[in-house]
Amino acid sequence: MEKHLIHITVNGHEYELYINPKTLLIEAIRDYIGLTGSKRGCETVSCGACTVIIEGMAVKGCSVLAMQADGLNVTTVEGLEQNGKLSAIQKAFLDEGAFQCGFCTSGMLMSAKAFLDENPNPTTHEIRDGIEGNICRCTGYNSIVRAMSSVAQGKYREE
Amino acid sequence: MHNKYSVINTPVHNVDGIAKVTGRATYTFDVQLPGMLYGKILRSPHPHAKILNIDATEALKLPGVKAVVSGKDTLGIKQGIWRRYKELCDEQVLPMDKVRYIGEPVAAVAAVTEEIAEQALDLIEVEYEVLDAVYEPFDAIKKGAPEVHEGIERNLNVTRHIEWGDVDEAFDDADYIREDWFKCGGQHHMCMETRACVSSYTPEKRLTVYASTQAPYYTQGLLAGVLGMREGDIRVIAPYVGGGFGGKFELDGAMFCSAVLSMKLFRPVKIVFTREEDLIASKRRTPMFYYVRTGVKKDGTFCARESRVFTNGGAYTGMGATALYLTGFFHSFPYKWRGYRYDGYRVYTNTMPSTSMRGFGAPQAMFCSEQQIDWIAADLGLDPIEVRRKNGHTPGYEVPGQAFIGSCGLDQSLDKIEEWIKSRGKLPANRAIGISAAGFMSGGIFNWFDTPYSFSSAVVTINEDGTVELHVGCQDIGQGSNTTMAIICAETLGVKVEDVKVHSGDTDHCPADLGAWGSRQTLMAGNATKMAAAEAKRQLLEFATAKMGPNIVYDLDIKDRWVHLVSRPEKGLDYTQVVKEALRGKEGQRIMGRGFYTPHRKGMISPAYSYMVQAVEAEIDEETGKIGVVNCVTAHDCGQPINPIGLIGQLEGAASMAVGYGYLEYMPFEDGKMMNPNLVDYKVIRAPEMPECEVIEIDTFEPEGPYGAKEAGEGLTNPTAAALGNAIFHATGLQMKECPILPEAVLNAFKEKREKEQEKKNA
């Protein structure tokens, strides 16, 4: 199959990739660009461990081809922290212990961030629906819901 | 409660937290070594077949394929984690001559890409002679059933007998006897990180293994056994581990096949299971058929219990032998029986092996026991909480010949749950609250691995600036043991958590430890850590005492980096200064403390037991059979909590897995084939279905545990399915004897109930 040249901006850096058109976005991010924070946990678009944000929207990185992200802005978990400073959702996850083994965490953080950016004043019910696509086998989700609620309530808002 | 500690039970961030929330935490799944090849495993399509021939000629011709290995490329050593007992070492990870379940490894390929390795699998020709297979224990135990392992009569793998008291006399004394049969299904660990391993064998004849394991020392020991190597020549590194839950401490196909391939090629080989492989060819919670006969007095006093269990062992033993013992013991829990008799039979079948999973046989035991207790209470018109209170364990109780109970907060737990139930008031129709009591161990005492090492070990080294290196062999698989050990070390030494760097998950640099299973780490590794830190502290205090020169009846302590006289805390020295000067006094030798823990004279099971009572509020839709869990409240006695954020997380996590076991997580097999090996069809709890899980801590102190701590986080998997069953019973009158409780089963039970009522009317 003929390879294609694409340009993807990941966490503010533009990458030029020469790839097989079948390459999934998550493969491009992990195997070509080398950012391994995003994980893979299934082959059926079920678990959400590979969730990234494309132009503000949470997307499972195994559900789109890298070529579909050509020319777009992608944010991965590595893009949440800026110059050593954690983002609000990361701080909240730490405070609430909203992770254990951490394997789902990268994807969960991206779903949480995209959801909160879109829904600044959610109910807990809406929060739960908002992360339905992400499986966490360790926490039972309640700590994640608390972390998201505390971000929504402005606990981490900067003056 | 006044916290007399500086660090213990104060909320601290998980010590691995920043690495995890920034995506920097590197799992075996992420490991990439120079020159690394990718491995794939060819798996048996048959539940039972002889391997007649394996021809890899065509596969080896595929460009990019570097090697194909099968059983004949190995030493053919049968391995098992119960390595003290040769007869229980029954598994060749790449079998020499026959396969015993669908998905069993047959051959493995290494290639330059995963895709090529996958393509090569299709080119390997395997000639099988298909044999008759058997899938259920009651079929497999019959005379003349196909033999899963040659010469094992009736496929009986392990039997267990537990008995105390005069059981028959105690039954004779009972006013009421009830007997029931139950069926408890399997459950998959479903770790987010599937089984993964990178093995790298080098010309020094040393093997380095990155593995997703709960117990690096077991991985090291088991690999040494099957590869014919010395343990010391194998280094196992478990970087971050994406979940374990009891499924990742045996030797798996990824570990063995990647090691064999790497030894052949002298190149690193990485094998990662797909989700489907993980679901069909790792292991699962042990399915059990339970017969329970219980005799009680009219007033609800327990007299005797007799139970028989037949478990579907699948193809190999693994940790299933332990599950068979623990289910029998915890089936008596947490009550006093004058007579108790248990017989367990683990039966080989041609299905995926069953093993330990969070709760380790106890969730099945509780599902049967705790429901039957509610039914007996209803039969006799008694209050189910009162019945439990009347018969429950108390501090200082001895389970005859089995266990000594130190701390026990069962009574207080019952009180708290009773209060909570009252606070809920009247509930809508089709909604009710069910309860279940439970308990669990804090690490097992039996040395079936036959290790010559202590069960847990720790080394504490203090640097000249007062920072601390803590080396432990216990494994953090997400449950937070690194944080727990940092807290115990900081508390003991009198420093801050951020002063302590925890080193774990590397057999070259950390002392041996039996790892993360059976809720052993807080108590066992915690005691070892405390001992090591205390030893290092003693060396500092020797020096400080000499320097300060107090009357010898006064003692010194360190808190918040302040070395001081206990009777006059204001009189003291700066901790960092003491460290610096103490080093000079020792000719620069580092201050180092060693600690260990090995249980002696702690009964047959464990040094300490946690207790809990859980209330599950559930609603049942009579039209669809659908179950919704509204609330899951637990009164919980884990002794002294060490790490409060971690504790809540563990308890909520246990509840999510246990609620899943109660009504969702179902593993149907047809002719030995798992019918739902993917995350679309194998359902786990997702955020919207997860109930609120309030926890009420019961304040106790466990004398065997570090700072009074004992088990937390595994035991809470035990009560939930039973409490859910009891909620359904109290809402509808239905007695659900199969777990998970599926909507179809609820609908059928409703139908049967209506038919019976109709029959009664007609009569």
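Residues numbered from 1 in each chain as written. Chains lettered and ligands numbered in written order. Predicted model: local features only at pLDDT ≥ 70, side-chain atom pairs only at ≥ 80, totals over all residues. Heavy atoms only, no water.

(A) Structural context of the side chain of B:Gln371. All names here are of chain B. For Gln371, the location among the structural elements is in helix α10 (residues 362-380). Within the structure, Gln371 has its side chain in polar contact with the backbone oxygen of Met736 (distance 3.0 Å). Contacts of Gln371, omitting those with residues within four sequence positions, involve Phe182, Met366, Ala722, Gly725, Asn726 and Met736. (Helix = DSSP H or I, 4+ residues; strand = E, 2+ residues; numbered from the N terminus. Polar contact = N/O pair within 3.5 Å; in protein donor to acceptor, adjacent residues only side chain to side chain. Contact = heavy atoms within 4.5 Å.)

(B) Here's a closer look at the interface of chain B and chain A. Opposite the 52 residues of chain B that make contact, chain A presents 47 residues. Considering only the side of chain B, the residues that lose the most area to chain A are B:Val21, B:Met192 and B:Arg686, jointly responsible for 20% of the buried surface there. The interface formed by chain B and chain A holds 6 salt bridges in total. Listed by contribution, the elements that provide at least two residues to the side of chain B that touches chain A are α1 (17-21), α8 (275-281) and α16 (644-663) of chain B. Here the side of chain B that touches chain A gets 8 residues from one element, more than from any other, and that element is α16(B). Tallied by class, the residues present in the side of chain B that touches chain A amount to 24 nonpolar, 17 polar and 11 charged. (Buried area = accessible area lost by both parts, 1.4 Å probe. Salt bridge = Lys/Arg side-chain N within 4 Å of Asp/Glu carboxyl O. Nonpolar A, V, L, I, M, F, W, Y, C, P; charged D, E, K, R; others polar.)

(C) Representation of the packing of aromatic side chains in the model. All names here are of chain B. This structure, assessed with the given rule, holds 38 aromatic pairs over all chains. By way of ring pairs, the aromatic residues Trp82, Tyr85, Tyr217, Tyr218, Phe249, Phe360, Phe446, Trp448, Phe449, Tyr453 and Trp517 are connected into one cluster. Lying over the aromatic face of Phe449, Arg83 brings its terminal NZ or CZ to 3.8 Å of the ring centre. Above the ring of Tyr661, the side-chain terminus of Arg285 is found at 4.8 Å from the ring centroid. (Phe/Tyr/Trp six-rings, centres within 6.5 Å; stacked < 30°, edge-to-face > 60°. Lys NZ or Arg CZ within 6 Å of the ring centre and 35° of its normal.)

(D) Just the domain arrangement of chain A, in detail. All names here are of chain A. Domain boundaries in chain A define domain 1 (4-79) and domain 2 (88-152). Each of domain 1 and domain 2 was reduced to a C-alpha centroid, and the two centroids are 21 Å apart. Opposite the 18 residues of domain 1 that make contact, domain 2 presents 12 residues. The contact between domain 1 and domain 2 buries some 1100 Å² in all, and 64% of this surface belongs to carbon and sulfur atoms. When the buried surface of domain 1 facing domain 2 is broken down by residue, Thr51, Ile53 and Val77 rank first, second and third, together holding 39% of it. Scanning the region where domain 1 abuts domain 2 turns up 0 salt bridges. Where domain 1 touches domain 2, the interface holds 5 residue pairs in polar contact (both at pLDDT 80 or more). Contributing elements (two or more residues each) for the side of domain 1 that touches domain 2: β3 (51-54) and β4 (57-60). Of the residues that constitute the side of domain 1 that touches domain 2, the class distribution is 7 nonpolar, 8 polar and 3 charged. (Domains from an automatic or database assignment.)

(E) Representation of the domain arrangement of chain B in the model. Residues and elements named next belong to chain B. Here chain B is partitioned into domain 1 (31-131 + 191-244 + 248-281), domain 2 (284-445 + 603-756) and domain 3 (455-597). If you average the C-alpha positions of domain 2 and of domain 3, the two centres end up 38 Å apart. In total, about 1600 Å² of surface goes out of reach between domain 2 and domain 3, with carbon and sulfur atoms giving 65% of it. Among the residues domain 2 hides against domain 3, the three largest losses belong to Ile642, Pro706 and Tyr707. Together they make up 36% of the total. Between domain 2 and domain 3 we count 0 salt bridges in total. Our enumeration of links across domain 2 and domain 3 arrives at 6 residue pairs in polar contact (both at pLDDT 80 or more).

(F) Representation of the sheet that holds strand β2 (residues 13-19) of chain A. All names here are of chain A. Pairing is mixed across the open sheet formed by 5 strands, whose spatial order is β2-β1-β5-β3-β4. For this open sheet the edge positions go to β2 and β4, each flanked by a neighbour on one side alone. Here the strands of the sheet are splayed against their neighbours by 40 degrees on average, with no regard to which way each runs. In the sheet, strand β1 (residues 4-10) pairs with β2 via 7 bridges, with the strands oriented antiparallel. Its bridge partner being in β2, His4 is matched across the sheet by Ile19. Against the sheet, helix α1 (residues 25-33) makes contact with β1, β2, β3 and β5 (73-75), and its axis sits at roughly 100 degrees relative to β2, the strand it touches most. Lying on the sheet, helix α3 (residues 105-118) is in contact with β3, β4 and β5; it crosses β3 at an angle near 35 degrees. (Pairing = 2+ DSSP bridges. Axes fitted to C-alpha atoms, helices over the stretch in contact; angles between N-to-C directions.)

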